[in-house]
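Architecture and fold: a report
Residue strings, one per chain:
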Amino acid sequence: MIMEETKEIAPLLELGMQELEAMDAPGFWTGVAIGVAISGVAAASAAVSVAVSIAT
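Quick look at the structure, then. Worth saying up front: this structure is predicted, and the values here are computed from it rather than measured.

**Remarks on the overall build of the chain**
Helix and strand counts for the chain come out as two helices and zero strands. Carbon and sulfur atoms form 73% of the exposed surface of the chain, whose accessible area is close to 4,900 Å².

**Examining a nonpolar patch on the surface**
Where nonpolar side chains cluster on the molecular surface, the patch consists of Phe28, Trp29, Val32 and Val36 and spans about 390 Å² of accessible area. Here Phe28 is to be found in helix 2 (residues 28-55).

**So, the environment of Ser53**
Its location among the elements puts Ser53 in helix 2. Within the structure, the side chain of Ser53 is placed 2.9 Å from the backbone oxygen of Val50, a separation counted as a polar contact.

Rules used in this analysis
Residues numbered from 1 in each chain as written. Predicted model: local features only at pLDDT ≥ 70, side-chain atom pairs only at ≥ 80, totals over all residues. Heavy atoms only, no water. Helix = DSSP H or I, 4+ residues; strand = E, 2+ residues; numbered from the N terminus. Areas by Shrake-Rupley, 256 points an atom, 1.4 Å probe, with all protein chains shown as cover. Patch = residues over 30% accessible without salt bridge, like charges linked within 9 Å, V, L, I, M, F, W, Y side chains within 5 Å. Salt bridge = Lys/Arg side-chain N within 4 Å of Asp/Glu carboxyl O. Polar contact = N/O pair within 3.5 Å; in protein donor to acceptor, adjacent residues only side chain to side chain.

Here you go:
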């Protein structure tokens, strides 16, 4: 009984693991971190630009 259930679930578990492998790929999170850093710099630059334009 348990073996039959395991055989039915095994393909589903394998598919789930394959979906997670993309996030384990080298450089995946590095690319995300670079994107976040660039967005942060752009937002800070825009804030400074607005502050300068208001002050003048």
